[in-house]
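Analysis of the macromolecular model
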Amino acid sequence: RSQAFERGWNAFAANDTERRTGLQAAYITNNEHPLGSKDQLDFANGSEEYHAIHKQYHPKYRSILYERNYYDIFMFDLEGNLIYSVYKELDYATNFAVNGTGQWKNSGLGEAFEGALANPDVITVIDWKPYGPSSGALASFLSTGIKKHGELVGVFCTQLPPDARPKDAAEWLRTQKASISTQAADAVLPDAMEAFQQAWNSFAANDAQRQSGLQAAYVTNNEYPIGEKDGLDFANGSEEYHAVHKMYHPKYRSILYDQNYYDIFMFDLTGNLVYSVYKELDYATNFAIGGTGQWKDSGLGEAFEGALANPDVITVIDWKPYGPSNGALASFLSTGIKKNGILIGVFCTQMPPEARLTQVLDLSGVEKENKELLASVQKLLQRYTSHAMFSGIALAPVTVTFARSQIVTSQEIMKEVLFAILDVKRDYYLDELRKSERKFEDVDKGLVWGDAVSGLPALSNICTLHSMLKVGEELRDLQKNLKFLRDTQAIAVSRELLAELALGGKRLEHAAEDAAHFFRIDDGVDPAAEVAKHRSYTATEAADPELADVILAFKQGWDSFASTDAERLAGLQAAYITNNEHPLGSKDQLDFAPGSEEYHAIHKQYHPKYRGILYDRNYYDIFILDLEGNLI
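Scope of this entry: the structure provided in the associated data block. Treat the numbers as computed from the prediction; the structure is a model and nothing was measured. (Residues numbered from 1 in each chain as written. Predicted model: local features only at pLDDT ≥ 70, side-chain atom pairs only at ≥ 80, totals over all residues. Heavy atoms only, no water.)

**Let's talk about the overall build of the protein**
- Counting secondary structure elements, the protein contains 19 helices and 10 strands.
- Across the 632 residues in the protein, those meeting the buried criterion constitute 49%.
- Long-range contacts, defined here as pairs at least 24 residues apart, represent 59% of the contacts in the protein between residues at least 6 apart. (Helix = DSSP H or I, 4+ residues; strand = E, 2+ residues; numbered from the N terminus. Buried < 20%, exposed > 50% of the residue type's maximum accessible area, 1.4 Å probe, protein only. Contact = heavy atoms within 4.5 Å.)

Spelled out as structure tokens, the structure:
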């Protein structure tokens, strides 16, 4: 099938540019189905072989997409051309080779293609990150090689549906706490605990015999393979334990499946693990801190002791290696089991490995603090960039140099914050963050009050830059948030925030370049060469066959938005500036404003494309005007 599409692709036109233009016209522009439903077209009109191949295979892969709930399915040739996709978004028929010129080659899908090319016999997984062709939404991709007779012929890739994206750590923790609270409040749990306790006591004369006997019955002699021991409802034998296990095991196995737990445990008050669903090596051992159990000092041991000490709350044990789970990272939630107000045992769950988005600690307000940190760094940088144009010639060269260094330091702070939150060499980047913070503060004081050693004149009465450099409140906000980051051992941070931090770094680079321009620093760049380069860029964008459609669409959206230009101005500025929740300097992050007006749908369709071009070309802004001079 991949080879058929490749044959159809090659035969469609003389070169890749003509193939892209022709296929996008056939399956997107001239496709009568609305945006988001382009997959409904089984084949386009025309005598080209590609359409016959599309007619033959498209219904099959569209059905697979629906059945698997994929967001999209892709096929690439070995040169990186996206020769087939189900949904026909803006990436369709473009090139993703890392050394090519494709618009989306550096995206997650580009990484998926290159990953499968390098390792075609494994599944490459690309984590969630913003993806331009999907309106900038977070996207994750899985890819692998396509082989025929052992020879690599292409790459197959799927885009995961949005609902496959894991919840952020804080939300996951809230969900799991609610779940374990529900189980603890279940009237059956105290009866089950009492029954297992009684059966444990009657199984043998002492704990050592109980451990060896139950491990033999439910682990060693269990005919189910390792990892599936939970399939045994009860072991053979006349002991009361087996009857109790038969009664309650199906219920808690079902809860484990429904809640996607890794395991479920019940302890008696002396620390004996009297029941678990999966029957790993910890089953039937003792977890009391003062005992001799092999795993007493593990995370599960901490969970047991935590619930024993505070039975009315949910104890959360953070991720750490856990021996019985083959040393994999494990996190536990535990609480007391009570009957008639009396503590009779401990109930505990082990979270699944995929729940570990970041280290999970129950830290109130962590998410809010992180968002404030991001905002304060960006606000601080904005102080330098938004007023830099007023400095120019008025400032001494040494002052300009130091002011520009503050922009670079702001970028460094953002990078160090990001790596610290991601727990990548955390101690190293926290130490670097301290240095960057001190450097920023020292330079700021020197700029405002002057520094004889560096030859910096005080700005107090030189120019309007003084008010900008006395960052005051912004600097204090930044330092408060940086202190929180340093003092906190783990960060519960959402994927949305990580994506925002990553995009923030890109915006800081853009802002720094802009400020450098305004500061008129001679960075060795040949102005003529720069102009020639950007002339070429603009000519390329203007030659895009889609641009005329884009302009006509925005013109139609503009005209239909309101009855006069004054009303359009007021309404669109309110929608995309005043009511835009993104901070000043980041208004471009809004893909579309709410409302039924046609303009918003057009903005949603085209804005991600031109924002991507802006980032790639490092433009300051991109504009489209109608013939009456309206900036539409």
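**Some details on a nonpolar patch on the surface**
- Judged by side-chain polarity, Phe623, Leu625 and Leu631 come together as a nonpolar surface patch covering roughly 320 Å² of accessible area.
- With respect to the helices and strands, Leu625 occurs in the segment after helix H19 (598–617).
- Of the residues examined, Leu625 reaches a relative accessible area of 48% and is grouped as partly exposed. (Patch = residues over 30% accessible without salt bridge, like charges linked within 9 Å, V, L, I, M, F, W, Y side chains within 5 Å. Areas by Shrake-Rupley, 256 points an atom, 1.4 Å probe, with all protein chains shown as cover. Salt bridge = Lys/Arg side-chain N within 4 Å of Asp/Glu carboxyl O.)

**Considering unusual backbone geometry**
- A positive phi angle is found at His149, which is not glycine, with a value near 55°.
- Within the element layout of this structure, His149 appears in the loop between strand E4 (138–148) and strand E5 (151–159).
- Taking the relative accessible area as the measure of exposure, His149 reaches 82% and is therefore exposed.
- A positive phi angle, near 55°, is found at Asn340, a position not held by glycine.

**Concerning the pattern of salt bridges**
- Using the criterion set out here, one finds 20 salt bridges in the structure.
- Between Arg7 and Glu49 there is a salt bridge, with the nearest N and O atoms lying 2.8 Å from each other. Separated by 42 residues along the polypeptide, Arg7 in helix H1 (residues 2–12) and Glu49 in helix H3 (residues 49–68) bring together distant segments of the chain.
- A salt bridge links Lys555 to Glu628, with the nearest nitrogen and oxygen atoms 3.0 Å apart. Note that Lys555 is positioned in helix H17 (residues 547–561) and Glu628 in the segment after H19, a separation of 73 residues in sequence.
- Put simply, Lys555, Asp559, Asp626 and Glu628 are held in one network by salt bridges that share partners.

**Observations concerning the sheet that holds E4**
- Strand order in the open sheet formed by 5 strands is E2-E1-E5-E4-E3, and the pairing between neighbours is antiparallel. The sheet is open, and its two edges are formed by strand E2 (82–85) and strand E3 (124–130), each paired on a single side. Pairs of neighbouring strands in the sheet enclose a mean axial angle of 25°, with direction left out of account.
- With 5 bridges connecting them, strand E1 (residues 72–76) and E5 associate as antiparallel partners. The partner of Phe76 across the bridge, within E5, is Val155.
- Sheet strands touched by H3: E1, E2 and E5. Its angle to E2, the strand with the most contacts, is close to 55°. (Pairing = 2+ DSSP bridges. Axes fitted to C-alpha atoms, helices over the stretch in contact; angles between N-to-C directions.)

**Description of the sheet that holds strand E8 (residues 315–321)**
- Read from one edge to the other, the open sheet built from 5 strands follows the order E7-E6-E10-E9-E8, with strand pairing classed as antiparallel. Looking at strand neighbours, the two that pair on one side only are strand E7 (273–276) and E8, the edges of this open sheet. Neighbour-to-neighbour, the strand axes of the sheet open up by a mean angle of 25°, direction not taken into account.
- Sheet analysis places E8 next to strand E9 (residues 329–339), joined by 5 bridges and oriented antiparallel. Residue Val316 lies in a different strand from E9, and its bridge partner there is Leu333.

**A closer look at the environment of Asn31**
- Note that Asn31 resides in the loop between helix H2 (16–29) and H3.
- Residue class for Asn31 comes out buried when judged on its relative accessible area of 5%.
- A C-alpha to C-alpha distance of 9.6 Å links Asn31 and Phe43, two positions 12 residues apart in sequence.
- When residues no more than four places from it in sequence are discounted, the contact partners of Asn31 are Ala25, Ala26, Lys38 and Leu41.
- In terms of polar contacts, Asn31 uses its side chain to reach the backbone amide nitrogen of His33, at 3.0 Å.
- For Asn31, the side chain forms a polar contact with the main-chain oxygen of Lys38, separated by 3.0 Å. (Polar contact = N/O pair within 3.5 Å; in protein donor to acceptor, adjacent residues only side chain to side chain.)

**Regarding H3**
- Taking 1.5 Å per residue, 20 residues should reach 28 Å; H3 reaches 29 Å between its end C-alpha atoms and fits that length.
- The largest bend along H3 reaches roughly 40° and is located at Tyr57, with the proline Pro59 sitting one to four residues downstream.
- Inspection of H3 places Tyr50, His51, Ile53, His54, Tyr57, His58, Tyr61, Arg62 and Leu65 among the buried residues, and these make up the whole buried set.
- Where H3 ends, the next residue or the one after it, Asn69, has phi of about 60°, a positive value. (Expected span 1.5 Å × (residues − 1). Bend = angle between axes of the 7 residues up to and from the residue.)

**What to know about the nonpolar core**
- One finds Phe196, Leu214, Tyr218, Tyr241, Tyr252, Met266 and Phe347 to be the most contacted residues of the largest nonpolar core, which totals 38 residues.
- Here this core takes 8 residues from helix H6 (residues 188–203), the largest share from any one element.
- Apart from residues lying up to four places away in sequence, Tyr218 is in contact with Lys229, Leu232, Phe234, Ala235, Tyr241, His242, His245, Lys279 and Tyr283.
- Leu41, Tyr61, Ile73 and Val86 belong to the second-largest nonpolar core, a separate cluster that totals 23 residues. (Core = buried A, V, L, I, M, F, W, Y, C linked by side-chain atoms within 4.5 Å.)

**Section: the side chain of Thr315**
- By the secondary structure assignment, Thr315 is in strand E8.
- For Thr315, a relative accessible area of 14% puts it in the buried group.
- Among the polar contacts made by the side chain of Thr315, one reaches the main-chain carbonyl oxygen of Gly306 at a distance of 3.5 Å.
- In contact with Thr315, other than residues within four places in its own chain, are Gly306, Ala307, Phe332, Leu333 and Ser334.

**Quick notes on the packing of aromatic side chains**
- Scanning all chains against the criterion turns up 32 aromatic pairs.
- Aromatic side chains Tyr262 and Tyr278 sit 6.4 Å apart centroid to centroid with 40° between the ring planes, which places their arrangement in the tilted category. Within this pair, whereas Tyr262 is found in the loop between helix H8 (240–259) and strand E6 (263–267), its partner Tyr278 is found in the loop between E7 and helix H9 (299–309), the two being separated by 16 residues in sequence.
- Among the aromatic residues, ring-to-ring pairing joins Phe5, Phe12, Tyr27, Tyr50, Tyr57, Tyr61, Tyr84, Tyr92 and Phe156 into one connected group.
- Across the ring face of Phe43, the terminal group of Lys55 is positioned such that the distance to the ring centre comes to 4.8 Å.
- Looking at Lys251, its charged tip hangs above the ring of Tyr252, at a distance of 5.9 Å from the centre. (Phe/Tyr/Trp six-rings, centres within 6.5 Å; stacked < 30°, edge-to-face > 60°. Lys NZ or Arg CZ within 6 Å of the ring centre and 35° of its normal.)

**Points about the pairing of E5**
- Pairing analysis gives 8 bridges linking E4 to E5, with the strands arranged antiparallel. Paired with Ser143 across the bridge in E5 is Cys157.

**Regarding the packing of helix H18 (residues 565–578) against H19**
- Relative orientation of the contacting elements H18 and H19 amounts to 45°, with a least axis distance of 12 Å. Relative to H19, the element H18 lies oblique. Regarding H18 and H19, the two cross each other, and that crossing is right-handed. Side by side, H18 and H19 meet where Leu572, Ala575 and Tyr576 of the first sit next to Tyr599, His600 and His603 of the second.
- When its residues are assigned to classes, the contact of H18 with H19 shows 4 nonpolar, 2 polar and no charged. (Parallel < 35°, antiparallel > 145°, perpendicular 65-115°, else oblique. Left-handed = near helix turned anticlockwise from the far one by under 90°. Nonpolar A, V, L, I, M, F, W, Y, C, P; charged D, E, K, R; others polar.)

**Regarding the side chain of Ser140**
- Within the fold, Ser140 resides in strand E4.
- Reaching out from Ser140, the side chain makes a polar contact with the backbone oxygen of Ile126 at a distance of 2.6 Å.
- When neighbours within four sequence positions are excluded, Ser140 is seen to be in contact with Ile126, Asp127, Trp128, Thr158, Gln159 and Leu160.

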